[in-house]
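Chain residues, written in single-letter form:
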Amino acid sequence: MRLLLVEDDDHVAAALSAILARHGFRVTHARNGEEALQALLPADAPPFGVVLLDLGLPDQDGYEVCGKIRKRTAIPVIMVTARGDVRSRIHGLNMGADDYVVKPYDTGELLARIHAVARRTGTGGGSAADDSTPAGPRRSPAGPPGLVRLGQVSIELPTRRVSVDGTDVPLTRKEFDLLALLAQRPGVVFRREQIISEVWHTSWEGTGRTLEVHVASLRSKLRMPALIETVRGVGYRLVAPGPGAS
Ligand code: CA
């Protein structure tokens, strides 16, 4: 898997690159926000599987860099920072980060988080033993285009059909749009404002409990109350049922 390491401290970057290389990552090092954004441009190279983004950068605020990355690409971003308070974490998630690691971190934990994010977002490039699909745009493994599979749930985007264990589940238009949106990036937290803007095409004032009602209805219709997780104060995410989970 290719990994973009954004870190202005050369010593930290060298040590981390060596560890990551030993674990099979092909690391590209960017020393500031501008280099990071440049590194993401070339379309001829295989895409990065993950960006490790230090928030304390010399040229731009790391949160801003994350926002810019998010505008261009869906590559998973893990923020690495010394700022571990809840507000910073929520701000990081709001800017589109997929995960957040606080320094000093255990490298074993960092590696586990990289793999988890890549697995969730489908950019792992076949690092799982039984998954030989090449790294590509995020899509459910081994599915035809337009079909998203999450455990027992199948979502057919072109026909807007949803089934659980092969049985069709009739959804309203907005219920389907909401599920399809969350299913684009399982495991990633979508902010309430973002969901309301994308599904209802409006800002969130005045929508009352519309979103909550639709989430509740989806949980009940799909008979999977745990499929959509509430992230308090932020929004929702879809929890992909893991293989072997019952
Ligand atoms: Ca730094």
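Our structure is the block above this text.
Residues numbered from 1 in each chain as written. Predicted model: local features only at pLDDT ≥ 70, side-chain atom pairs only at ≥ 80, totals over all residues. Heavy atoms only, no water.

### As for the packing of helix H6 (residues 173–184) against helix H8 (residues 210–221)
Right, so step 1: Where H6 meets H8, the axes come as close as 10 Å, and the angle between the chain directions of the two elements is 85°. Considering the angle they form, H6 stands roughly perpendicular to H8. Contacts between H6 and H8 involve Lys-174, Glu-175, Leu-178 and Leu-179 on the former and, on the latter, Leu-211, His-214, Val-215, Ser-217, Leu-218 and Lys-221.
Right, so step 2: Its residues placed into classes, the contact of H6 with H8 shows five nonpolar, two polar and three charged. (Axes fitted to C-alpha atoms, helices over the stretch in contact; angles between N-to-C directions. Helix = DSSP H or I, 4+ residues; strand = E, 2+ residues; numbered from the N terminus. Parallel < 35°, antiparallel > 145°, perpendicular 65-115°, else oblique. Contact = heavy atoms within 4.5 Å. Nonpolar A, V, L, I, M, F, W, Y, C, P; charged D, E, K, R; others polar.)

### Some points on the environment of Phe-25
Right, so step 1: Checked against the element boundaries, Phe-25 lands in the loop between helix H1 (10–22) and strand S2 (26–30).
Right, so step 2: Relative accessible area serves as the criterion here: at 5%, Phe-25 is assigned to the buried category.
Right, so step 3: Spatially, the C-alpha atoms of Phe-25 and Leu-3 are 6.4 Å apart, while their sequence positions differ by 22 residues.
Right, so step 4: Setting aside anything within four residues of it in sequence, one finds Phe-25 in contact with Met-1, Leu-3, Leu-20, Leu-111, Ile-114 and His-115. (Buried < 20%, exposed > 50% of the residue type's maximum accessible area, 1.4 Å probe, protein only.)

### Looking at the coordination of the calcium ion
Right, so step 1: The protein atoms that coordinate the calcium ion are Asp-8 (OD), Asp-54 (OD) and Gly-56 (O), at distances of 2.2 to 2.4 Å.
Right, so step 2: Along the chain, the residues that donate to the calcium ion are spaced as D-x45-D-x1-G. Placement of the pair is Asp-8 in the loop between strand S1 (2–6) and H1 and Gly-56 in the loop between strand S3 (50–54) and helix H3 (62–72), with a sequence separation of 48 residues.
Right, so step 3: On the basis of relative accessible area, Asp-8 is assigned to the partly exposed category, the value being 33%.
Right, so step 4: The exposure class of Gly-56 is partly exposed, given its relative accessible area of 40%. (Donors = N, O, S within 2.8 Å, 3.2 Å for Na, K, Ca; no water.)

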